[in-house]
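# Observations on the three-dimensional arrangement
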Amino acid sequence: MDALTLTTAYEIIRQPLGEILPQVSAALAPLVPHVDAAELSTHCAHSPFKTLGGTELMTAAELTPLLADGVPGAPWQGRATIGGREREVVAVTSHATRRGAVLVLVREDGTAPADAAALTTAQALWDLVTGHFERFATEAVPGALARSRAAADTRARVIAELTASHAAALSGVLGVLRSRALDDTTARTTATDLAASALIEMRAEQRRDRALAEEPAEDAFERLAGELRPMLRHSKVRLDLGAPDSARSLAADVAHSARAIVRSLLLIVLEQESVHRVHVGWQLTEHELRASVRDDGAGALAPCDLGAGTIRDRLDVLGGRLDMDAVPGWGTTITAVIPLATPEAPVEAAHPLTGLGEREVEVLRHLALGHRNRRIAEELHISESTVKFHVANILNKLGVGSRGEAAALFHAAA
């Protein structure tokens, strides 16, 4: 691989996550000419589907079969339904993330197939990018996790509002069309079928969206078990696992954080010389996930032994807490309690960035880089007056009086 290719890859992965797709598209354009690009990345709880370019009406549902049928390491090119009609595409699938990700390049009709060398480069670049995605999702620092939770909350709220609105409208249409006061039987039957189909599709779309942004609790725990077993492979300590007895799903950021917290707690517990057995279990209640690590040691661990670093920082962002029950001579039980809902105002007070909208976070990131309003407007493709509006809101929400103070808060949370 030449120096130019490595430099290009470096420039791509150093971009903010929301700006990586345009960079990937630009890098691949000379090798695989295309008019649009989209990605479906299951690592991302708040925005798994992203698109670039001018293809109208492209949906995540159209990319889902390409992700499901894709073979990692073997890019596919052919015709697929994109934007409601058949288009020439190249689909590049990667399993660098645990649940997969697909990059779709939409091409002009009649374009000659891409050659093998171009497809190999596309695959290598997409594997690199998705591996970068997975690291961010798995090892998210508190600042990034806070922004993800804020965006996920906004997205979930919008989906819920749209679903309720559309369901109410379509249910009303069905009620009218089924009325006996209407005598045009054929028209009523046809319209009823169309409206019923629309309701079914809307609910299916909601299920597909949840499948991308969430992870079944049993699958999430099984992934954790696979990560823990190697840690004790050459140890005399016995590991017992208690999987959650629930068919519920967890938001991706909750599942990632719970696994990271349990791994850190297990390392602390294993530092005790008197431990011979450790039990790791997850329990799901209606409102929270309880991830516990229990040992049979001397019961001498104290809260200060858990430190005040990443474990507590992650829990603070998620609105969770850490409980400890140490019984001398019988062992210690440490439980991380993580709410399943997005944290409310108290957590936002500890982490001010959680009070910002997704666009405000983007503007704040530019402020932190020292960019002026004109540069920000050009980068985000909005007007300067809109930038001024966002800056005023940011200063107000963060409770600061200057752009410099806002930038300092961003750097502190990053």
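Our subject in this report is the structure included herewith. (Residues numbered from 1 in each chain as written. Predicted model: local features only at pLDDT ≥ 70, side-chain atom pairs only at ≥ 80, totals over all residues. Heavy atoms only, no water.)

Ranked by size, the top nonpolar core spans 34 residues in total, and within it Leu250, Val262, Leu265, Val278, Val280, Trp282 and Leu322 carry the most contacts. For this core, the secondary structure elements donating two or more residues are helix H7 (217-228), helix H8 (252-270), strand S9 (277-284), strand S10 (288-295), helix H9 (310-318) and strand S12 (331-339). With nine residues, H8 is the single largest residue contributor to this core. (Core = buried A, V, L, I, M, F, W, Y, C linked by side-chain atoms within 4.5 Å. Buried < 20%, exposed > 50% of the residue type's maximum accessible area, 1.4 Å probe, protein only. Helix = DSSP H or I, 4+ residues; strand = E, 2+ residues; numbered from the N terminus.)

Counting buried positions over the nine residues of S12 gives seven, a clear majority of the element. Sheet analysis places S10 next to S12, joined by seven bridges and oriented antiparallel. Looking across to S12, one finds that Val293 is bridged to Ile334. Direction of pairing for strand S11 (residues 321-327) relative to S12: antiparallel, over a ladder of seven bridges. Bridge pairing in S12 places Asp323 opposite Thr335. Taking the residues that link successive antiparallel strands as the turn, the S11-S12 hairpin has three residues, and the phi of Gly329 there is positive, at about 85°. (Pairing = 2+ DSSP bridges.)

Turning next to helix H13 (residues 384-398). With 15 residues, H13 extends 21 Å between its outermost C-alpha atoms, agreeing within 8% with the 21 Å of an ideal straight helix rising 1.5 Å per residue. Two residues or fewer after H13 comes Gly399, characterised by a positive phi angle close to 70°. (Expected span 1.5 Å × (residues − 1).)

This structure, assessed with the given rule, holds 15 salt bridges. The shortest N-O distance in the salt bridge between Glu379 and Arg375 comes to 3.1 Å. Here Glu379 pairs with Arg375, and both are found in helix H12 (residues 373-380), just four residues apart, close to one helical turn. Looking at Glu379, the relative accessible area reads 36%, which means it is partly exposed. (Salt bridge = Lys/Arg side-chain N within 4 Å of Asp/Glu carboxyl O.)

Mapped onto the fold, Asp295 is located in strand S10. No salt bridge forms around the buried Asp295; measuring N to O, its nearest opposite-charge neighbour Arg294 is 8.3 Å away. Among the polar contacts listed, one links the side chain of Asp295 to the side chain of Gln272, at a separation of 3.1 Å. A polar side-chain atom of Asp295 sits 2.8 Å from the main-chain amide nitrogen of Gly297. Other than its neighbours up to four places away in sequence, Asp295 contacts Val269, Gln272, Val275, Arg277, Val278, Leu301, Trp330, Gly331 and Thr332. (Lys, Arg positive; Asp, Glu negative; His and termini not counted. Polar contact = N/O pair within 3.5 Å; in protein donor to acceptor, adjacent residues only side chain to side chain. Contact = heavy atoms within 4.5 Å.)

Turning next to the environment of Ile376. Here Ile376 is to be found in helix H12. Between the C-alpha atom of Ile376 and that of Arg365, which follows or precedes it by 11 residues, the distance is 9.7 Å. Not counting residues up to four positions away in its chain, the partners in contact with Ile376 are Val363, His366, Leu367, His371, Val387 and Arg403.

For a regular strand, side chains alternate in direction, first toward one face of the sheet and then toward the other. Across seven bridges, strand S3 (residues 76-82) lies against strand S4 (residues 85-94) in antiparallel orientation. Note on S4: the bridge partner recorded for Thr81 is Glu86. In textbook terms, the turn of a hairpin is the stretch between consecutive antiparallel strands, and for S3 and S4 this stretch comprises two residues, one of which, Gly83, has a positive phi near 65°.

Here we take up the sheet that holds S10. One open sheet accounts for five strands, arranged S7-S9-S10-S12-S11; its pairing is mixed. For this open sheet the edge positions go to strand S7 (238-242) and S11, each flanked by a neighbour on one side alone. In this sheet, adjacent strand axes meet at a mean angle of 15° when their direction is disregarded. Bridging between S7 and S9 involves five bridges; their strand directions are parallel. Bridge assignment links Leu241 to a residue of S9, and that residue is Val280. The strands that H7 touches are S7 and S9; relative to S9, the one it contacts most, it runs at about 160°. Contacting S9, S10, S11 and S12, H8 crosses the sheet at an angle of about 160° to S9. (Axes fitted to C-alpha atoms, helices over the stretch in contact; angles between N-to-C directions.)

So, about the packing of H12 against H13. Where H12 contacts H13, the axes come no closer than 9 Å and their chain directions differ by 105°. When the axes of H12 and H13 are compared, the pair comes out roughly perpendicular. Contact residues: H12 offers Asn373, Arg374, Ile376 and Ala377, while H13 offers Glu384, Val387, Lys388 and Val391. By residue class, the composition of the contact of H12 with H13 is four nonpolar, one polar and three charged. (Parallel < 35°, antiparallel > 145°, perpendicular 65-115°, else oblique. Nonpolar A, V, L, I, M, F, W, Y, C, P; charged D, E, K, R; others polar.)

Here the focus is unusual backbone geometry. Residue His381 is not a glycine yet carries a positive backbone phi of 60°. As for its placement among the helices and strands, His381 is situated in the loop between H12 and H13. Judged by relative accessible area, which is 72%, His381 ranks as exposed.

Bear in mind that shape data such as this cannot, by itself, settle questions of function.
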